[in-house]
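Chains, contacts and geometry: an overview
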Amino acid sequence: MKQFSLRTFVRTVFALAILLAGIAMVPYVERPAAALEWRMMAGVYSPELTVHANEGAPGSAFAFTGSGFPAYKPATLFVDGRYLGRVMTDEHGMARFVVQSPASYMALGHYDITMEVDMNASATQGFVLSSDAPLVWAPDGFAGPVFGFGTRLPQ
């Protein structure tokens, strides 16, 4: 009789564990399948940030494309670690934007642009403002918001 009671107890514990696991999923019942993607739960991303030109004269407009970020999320942009603005990623985790550099020759030097989503997905790409380089514009048909900064970086 003692062995039967142990078996019943073990089965009861397993049944309760399965029942509680099902109850834990109740908040996700109304959510679309895309919201339950495993990468979103695990925070596993391989983001990249590319720029169409690495060097330009002061006043150049650099076109950036971010990919591999979480879908439908706001991405924060930084220039040399200081806030520049925000863009939204699309259904593929991509975002496009243009950084308008200062026109002053006092702004010569290297600048790093970082695109970050939720601290677990970020990528950085830089460009150089040089007096020897030609003036660079975003490619024809490139669509995205334009962010600019002056010779004094935004706070």
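So, on to the environment of Tyr72. In this structure, Tyr72 sits in the loop between strand E3 (61-67) and strand E4 (74-79). The sequence separation of Tyr72 and Asp90 amounts to 18 residues, and the corresponding C-alpha distance is 5.2 Å. In this structure, Tyr72 is in contact with Met88, Thr89, Asp90 and Glu91, ignoring residues within four places of it in sequence.

Here we take up the pairing of strand E6 (residues 95-100). In the sheet, E3 pairs with E6 via six bridges, with the strands oriented antiparallel. What sits directly across from Thr65, in E6, is Arg96. Pairing analysis gives three bridges linking E6 to strand E9 (residues 146-148), with the strands arranged parallel. From the neighbouring strand, Val99 faces E9, where its bridge partner is Phe147.

So, about the sheet that holds strand E2 (residues 55-56). Read from one edge of the open sheet, five strands run E2-E8-E7-E4-E5, paired in mixed fashion. The sheet is open, and its two borders are formed by E2 and strand E5 (82-88), each paired with just one other strand. Both E4 and E5 contribute to a ladder of six bridges, which runs antiparallel. Opposite Phe78, over in E5, you have Tyr83 as the bridge partner.

Attention now goes to the packing of aromatic side chains. A full pass over the atoms with the stated rule returns six aromatic pairs. Seen in terms of ring centroids, Phe62 and Phe127 are 4.0 Å apart; in terms of plane orientation they differ by 15°. Their pairing is stacked. One end of the pair, Phe62, is in strand E3; the other, Phe127, is in strand E8 (residues 121-129), and 65 residues separate them in sequence. An angle of 55° between the planes, with centres 5.2 Å apart, marks the rings of Tyr111 and Phe149 as tilted.

Considering the arrangement of structural elements, one finds Ser60 in the loop between E2 and E3. For Ser60, a relative accessible area of 0% puts it in the buried group. Of the polar contacts made by the side chain of Ser60, one reaches the backbone oxygen of Ala57; its length is 2.6 Å. Aside from chain neighbours lying at most four places away, what touches Ser60 is Val99, Gln100, Ser101, Pro134, Leu135 and Val136.

Calculation notes
- Residues numbered from 1 in each chain as written.
- Predicted model: local features only at pLDDT ≥ 70, side-chain atom pairs only at ≥ 80, totals over all residues.
- Heavy atoms only, no water.
- Helix = DSSP H or I, 4+ residues; strand = E, 2+ residues; numbered from the N terminus.
- Contact = heavy atoms within 4.5 Å.
- Pairing = 2+ DSSP bridges.
- Phe/Tyr/Trp six-rings, centres within 6.5 Å; stacked < 30°, edge-to-face > 60°.
- Buried < 20%, exposed > 50% of the residue type's maximum accessible area, 1.4 Å probe, protein only.
- Polar contact = N/O pair within 3.5 Å; in protein donor to acceptor, adjacent residues only side chain to side chain.

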